[in-house]
Amino acid sequence: MSSLLPRPERSQAVLVGGSQYEFHPDIESVDRNLDALRRILTDPAYWGLPQENCHVIRNPERADDVMTVLETAAERATDALIFYFAGHGLSDEGGLYLALKNTRKPRFAARYDSVHYEWVRSAMLQGDSPATRRIVILDCCYSGQAADEQMGVVMGDENTDVHGTVVWAATTPTRLAVAPREATYTAFTGELVHTLHSGIEGGAEVLDMDTIFRRVSRSLVAKGYPQPDQHNRALGGQLALVRNRALDGPVEDGLPGVPVPALVRGRERAFAPFGSSASWEPFTWGPLQTDLLIVEGDGESVIPEDSVHVRTIDEDVELPEDLYAVRARIEAEQDAKRLAGEQYFWNGLNYAVDRVTIGRIAESEAPEIYIQLLNSDYYNFQATQQLDEVLPDGLTVRAKYVDPYDPLDVPAFMGSSFGTNVAVITRDEKLIVSRRSNMVGSHPGTWNSSANEALSRVVDNSARQAPNIFNVARRGLSEELALSPDEYRLNMLALTIDKGTHQWGALFMARLRRVTSDEFIARRSRGVSDKWEHDRHELVDFEIDPVTRFIFDEERTGLWSPTAPGLFYLALVNKYGKVAVERESARVLQRMRRA
C-alpha cells in the first residue's frame, strides 16, 4: 500500500513559512517555497490535493496560529498528514524552536514566543490522528535535532494502521541551513521543488520518500550545501509522495523549478563536500584502512532480530547490456571448466539488494531495518565484480556503476549478494580467526571471521517465506563450524557495505555456551559441511591487547578481508565498550611501533 499515492481527499498538508522577521534577517525566498510546494501538491499532474486541504500559513505571529491549524488537520487526515516549515530555527538546551515573526534571540526567551518543535512532534506523531502516513519536512537551521528528538516514535496500539513516518531535516543538529542570495528558493527546498517538478528519469511511476531524498541530498552535497538528514519509522521511506513527471517527457509548464546554483564561497557559509563526510568514511583502525562502510550499528548496542525486516520481490534484477555481455562470457568460461572436469563455480540463485530503509524505535533507540530484495544469481554477482574491466564505452564497471552514486543509491544489480560474517568466541574466551582457502570465490587467501555465509534464494527461502538474515548466520555456523543454535548466543552488531565491491552484509557475534577452544578443534576434526572454505584457524585470546596485536601483525599485513578488522573491533567494543577499546588499542599500536 505504501507504493500507492495517498488519497488526496483524505489527506491534509500544513505549509508554514517565515519570510519576514522583527529580530532576525528576512528570508524572501521562503514565500516562493510555499507557493511552489502548494502548487505541486495540489496539481493533479503531481498528486491533486484539494485546495481546501492544503493550508498555507505565512509569517505567523503566534504559536496558536500554527498549532490550531495543525491539530485540526491532524484530526481530519485519514491518509497522509504533511507538515512543512521553512524559516529561522533556533536551538538551546530545551530543544528546537521554529521562529515566528516576533521571535527574539534564544537568550531572550525564544522558547516562549516561538513554536516548540515538541508541540509539532506531539501533534504529528503522538496524538490521536487517524492519519496512516505522516511526513515532516523542516527547512531551517538546526533542524537535524528533530531526528535527535526521536522523530520516529513508536505508535501505540491505537495506531497499528500507521504505514510509516518520515522526517526530513535540511541540515544536521548543529549546522545552519542556507538560503542563497538571489536564488529563487532556499537551498534545501529548491532541490526538493526541482526534483518533484521534473521527476527522476528511469524512476518508478510514483516517487517515494527515499528516492526523492537521495536525489535531493546528492544534489545539495555536490553543490557544497549541508547534507540533509532523514529519519524513517516503519515503511516511512517507501511512502509515495508524487507522480514521476519525468515519465511524461520534459516538463515545460510555468512552475519555476530551476535548481539552486552551486554554493559561492565567501558569500554564504561553506560546507564540506559529501566525500569528506565522516558518516560515509570506510572503517579505519590505527594505520589500517578498509573498504568497510558501517551503515548501522556501533557494537555497544546490538540490533535485535525482530528489528530486521526482509521483503522479497519476485522479479529478476536486470543487467545493462554491457554487463550482460560480461556475464555471458563468465557463464561460458565456467561451463567449459565444468565440461573439462576442472574446478568451476556453479550458478547459485541469490538476491540483489534493491533498497534499504532504516528507522529507529524511540523507547529503546534500537534501529529498525527494512531490506528489499530482487532475484539475482551468482553469475550476475561475478559479472558485477569485474570492477576494473573496461566496457565498450571506455569506462570501467566501477567508474560507470559505482563511483557516481551515493553508497545507498548504487543500482540494485551491483549488489547481487548479501553476506553474513560471524565473530565466534569460545566458552574459554578465544576468538576464532580463519584464513579463507584458495577454493572460495570471494577473497581467497585472506584472514576473516570463522563463519561466513551468503544469502541463498534456494536454501534461505523455505516455505516461500522471506529470508531471515539471522538464520543465514546460523546456517554459516552450522555448515562451517558444526554448531547448533542452542550452543551459542547470536547478536547482530552492524549492517555494512563493502565499498570496494559494493556488497551488502551483516556482522554478528556468537558466544559459545559450552564449546571450548579444544572442543572446537576436536569437533572440526570429525568433519563439517564446508570445511574446505577455510584452510587455517587461529585461536586468539579475546582481549583488546592480543586481538589488536594479531590484526596488526606484519605477517598478516594486506591479507585481511574487508570486513574482518571492523567485525573484530565491534566485537571488542561489545565486550569492553568503545572508550576502552579506543584507548587500549592505541596504546598497543604505539608499543608495536616502538618495538
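Residues numbered from 1 in each chain as written. Predicted model: local features only at pLDDT ≥ 70, side-chain atom pairs only at ≥ 80, totals over all residues. Heavy atoms only, no water.

Visitor: Please provide a residue-by-residue account of the packing of aromatic side chains, values included.
Guide: Enumeration according to the criterion identifies 11 aromatic pairs in this entry. Centroid distance Trp447 to Phe550: 5.9 Å. Interplanar angle 90°. Geometry classified as edge-to-face. Highlighted residues: Trp447 in strand β20 (residues 447–449) and Phe550 in helix α12 (residues 544–552), separated in sequence by 103 residues. Taking relative accessible area as the criterion, Phe550 reaches 12% and is therefore assigned buried. Its guanidinium or amino end placed over the ring of Tyr46, Arg245 lies 4.8 Å from that ring's centre, counting from NZ or CZ. For the cation-ring pair, Arg556 lies above Phe550, with the distance from its terminal atom to the ring centre recorded as 3.6 Å. (Phe/Tyr/Trp six-rings, centres within 6.5 Å; stacked < 30°, edge-to-face > 60°. Helix = DSSP H or I, 4+ residues; strand = E, 2+ residues; numbered from the N terminus. Buried < 20%, exposed > 50% of the residue type's maximum accessible area, 1.4 Å probe, protein only. Lys NZ or Arg CZ within 6 Å of the ring centre and 35° of its normal.)

Visitor: An account of the nonpolar core is needed here, citing residue identities and associated values.
Guide: One finds Trp168, Leu192, Leu196, Ile212 and Leu241 to be the most contacted residues of the largest nonpolar core, which totals 39 residues. Of all elements in the fold, only β1 (12–17), α1 (29–42), β3 (80–86), β7 (133–139), β8 (164–169), α5 (187–198), α6 (209–222) and β11 (240–243) reach the threshold of two or more residues within this core. Top contributing element to this core by residue count: α1, with six residues. Every residue in contact with Ile212, bar those within four places of it in the chain, is listed here: Trp168, Leu192, Thr195, Leu196, Leu207 and Leu241. Counting 36 residues, the second largest nonpolar core, distinct from the first, contains Ile371, Leu481, Ile497 and Trp504. (Core = buried A, V, L, I, M, F, W, Y, C linked by side-chain atoms within 4.5 Å. Contact = heavy atoms within 4.5 Å.)

Visitor: Which residues make up the sheet that holds strand β6 (residues 114–116), and what values do they have?
Guide: Strand order in the open sheet formed by three strands is β4-β5-β6, with antiparallel pairing between adjacent strands. With one partner strand each, in any of the chains shown, β4 (89–92) and β6 form the two edges of the open sheet. Going from strand to strand, the sheet's axes swing by 30° on average, the running direction of each strand aside. Pairing of β4 with strand β5 (residues 95–99), which is carried by four bridges, proceeds in the antiparallel orientation. Residue Asp92 lies in a different strand from β5, and its bridge partner there is Gly95. (Pairing = 2+ DSSP bridges. Axes fitted to C-alpha atoms, helices over the stretch in contact; angles between N-to-C directions.)

Visitor: Now, about the pattern of salt bridges: what can you tell me, with residues and values included?
Guide: Oppositely charged side chains can form a pair if their charged atoms are brought close together. Under the defined criterion, the tally for this structure stands at 31 salt bridges. When the shortest N-O distance is used, the salt bridge between Arg58 and Asp31 registers 3.3 Å. Placement of the pair is Arg58 in strand β2 (residues 54–58) and Asp31 in helix α1, with a sequence separation of 27 residues. Arg58 gets classed as partly exposed once you look at its relative accessible area, which sits at 38%. (Salt bridge = Lys/Arg side-chain N within 4 Å of Asp/Glu carboxyl O.)

Visitor: Which residues make up a nonpolar patch on the surface, and what are the values?
Guide: Among the surface-exposed residues, Leu349, Val458 and Val459 lie close enough to one another that they form a single nonpolar patch of about 250 Å² accessible area. Among the residues examined, Val458 registers a relative accessible area of 54% and is labelled exposed. (Patch = residues over 30% accessible without salt bridge, like charges linked within 9 Å, V, L, I, M, F, W, Y side chains within 5 Å. Areas by Shrake-Rupley, 256 points an atom, 1.4 Å probe, with all protein chains shown as cover.)

Visitor: I'd like to hear about empty space enclosed by the protein, residue by residue, with values.
Guide: Tallied over the entire structure, the rule returns two cavities of 30 Å³ or more. Estimated volume of the largest cavity: approximately 80 Å³. Lining the largest cavity, in full, are Leu15, Leu37, Leu41, Ile82, Tyr84, Ile137, Leu192, Leu196 and Leu241. Those elements that provide at least two residues to the lining of the largest cavity are α1, β3 and α5. Along the lines of polarity and charge, the residues of the lining of the largest cavity split into nine nonpolar, no polar and no charged. (1 Å grid on protein atoms, 1.4 Å probe; cavity = no way out; pocket = protein on both sides within 12 Å on 5 of 7 lines; lining within 4 Å. Points joined across faces, edges and corners; volume = space filled by probe spheres on them. Nonpolar A, V, L, I, M, F, W, Y, C, P; charged D, E, K, R; others polar.)

Visitor: Can you lay out α1 for me, pointing to particular residues and giving the numbers?
Guide: Under the 1.5 Å per step criterion, the end-to-end length of α1 is 20 Å for 14 residues, consistent within 8% with the ideal 20 Å. On its buried side, α1 packs onto β1, β2, β3, β7, α5 and β11. (Expected span 1.5 Å × (residues − 1).)

Visitor: Just give me the short version of unusual backbone geometry, but keep the residues and values in it.
Guide: If you check the backbone angles, Asn59 has positive phi at about 50° while not being a glycine. On the secondary structure map, Asn59 appears in the loop between β2 and α2 (63–76). With a phi close to 60°, Glu429 is a non-glycine residue in the positive phi region. Structurally, Glu429 can be placed in the loop between β18 (418–425) and β19 (430–436).

Visitor: Go over the packing of α5 against α6 with me, naming the residues and quoting the values.
Guide: At a minimum axis distance of 9 Å, the contact between α5 and α6 shows a crossing angle of 130°. Between α5 and α6, the interaxial angle falls into the category oblique. In this structure, the crossing between α5 and α6 has a hand that is right-handed. Facing α5, whose interface residues are Ala187, Phe188, Glu191, Leu192, Thr195 and Leu196, α6 presents Ile212, Arg215, Val216, Ser219 and Leu220. (Parallel < 35°, antiparallel > 145°, perpendicular 65-115°, else oblique. Left-handed = near helix turned anticlockwise from the far one by under 90°.)

Visitor: With reference to specific residues and values, describe the packing of α1 against α5.
Guide: Two quantities define a packed helix pair, namely the angle between the helix axes and the distance between the axes. Interaxial distance between α1 and α5 falls to 10 Å at its minimum, and their mutual angle equals 25°. With respect to α5, the axis of α1 lies roughly parallel. Helix-helix and strand crossings are classified by hand; for α1 and α5 the assignment is left-handed. Here Asn33, Ala36, Leu37 and Ile40 of α1 lie close against α5, whose contacting residues are Thr189, Leu192, Val193, Leu196 and His197. Looking at the contact of α1 with α5, its residues break down into six nonpolar, three polar and no charged.

Visitor: Describe the pairing of β7, naming the residues involved and giving the relevant values.
Guide: In terms of burial, β7 is a largely internal element, seven of the seven residues being buried. The alternating pattern of β7 places Arg133, Ile135, Ile137 and Asp139 and Arg134, Val136 and Leu138 on opposite faces, both of which are buried.

Visitor: If you had to explain the side chain of Ser416 to someone new, which residues and values would you point to?
Guide: Here Ser416 lies in the loop between α9 (397–401) and β18. For Ser416, a relative accessible area of 0% translates into the label buried. A polar atom in the side chain of Ser416 sits 2.9 Å from the side chain of Ser376. Here Phe413 takes part through its backbone oxygen, which lies 2.9 Å from a polar atom of the side chain of Ser416. Ignoring sequence-local partners within four residues, the contact set of Ser416 consists of Val317, Asn350, Tyr351, Ala352, Ser376, Asp377, Asn380, Phe381 and Gln503. (Polar contact = N/O pair within 3.5 Å; in protein donor to acceptor, adjacent residues only side chain to side chain.)

Visitor: Break down the confidence of the model for the protein chain for me, with residues and values.
Guide: Confidence in the prediction for the protein chain averages 83 pLDDT; 82% of positions are at 70 or higher. Looking over the protein chain, one finds the lowest element-wise mean pLDDT in helix α4 (residues 145–148), namely 57, and the highest in helix α13 (residues 564–576), namely 97. Low confidence marks residues 148–162, where pLDDT is under 50. Its contacts with residues over four positions away, or in another chain, come to 43 contacts. The low-confidence segment residues 256–279, where pLDDT is below 50, has 57 contacts with residues more than four positions distant or belonging to other chains. (pLDDT = per-residue confidence, 0-100.)

Visitor: With reference to specific residues and values, describe a negative patch on the surface.
Guide: Taken together, the side chains of Asp314, Glu315, Asp316, Glu318 and Asp354 make up a negatively charged region of the molecular surface. The leading source of residues in the negative patch is strand β15 (residues 308–316), at three residues. (Lys, Arg positive; Asp, Glu negative; His and termini not counted. Charge placed at Lys NZ, Arg CZ, Asp CG, Glu CD.)

Visitor: Give a detailed account of the pairing of strand β22 (residues 488–498), specifying residues and quantitative values.
Guide: Across the 11 residues that make up β22, a large majority, 10, are buried. Across 10 bridges, the pairing between β22 and strand β23 (residues 503–512) is antiparallel. Bridge pairing links Leu490 to Ala510 in β23. Linking two consecutive strands that pair antiparallel, namely β22 and β23, is a turn of four residues; a positive phi of about 50° is found at His502 within it.

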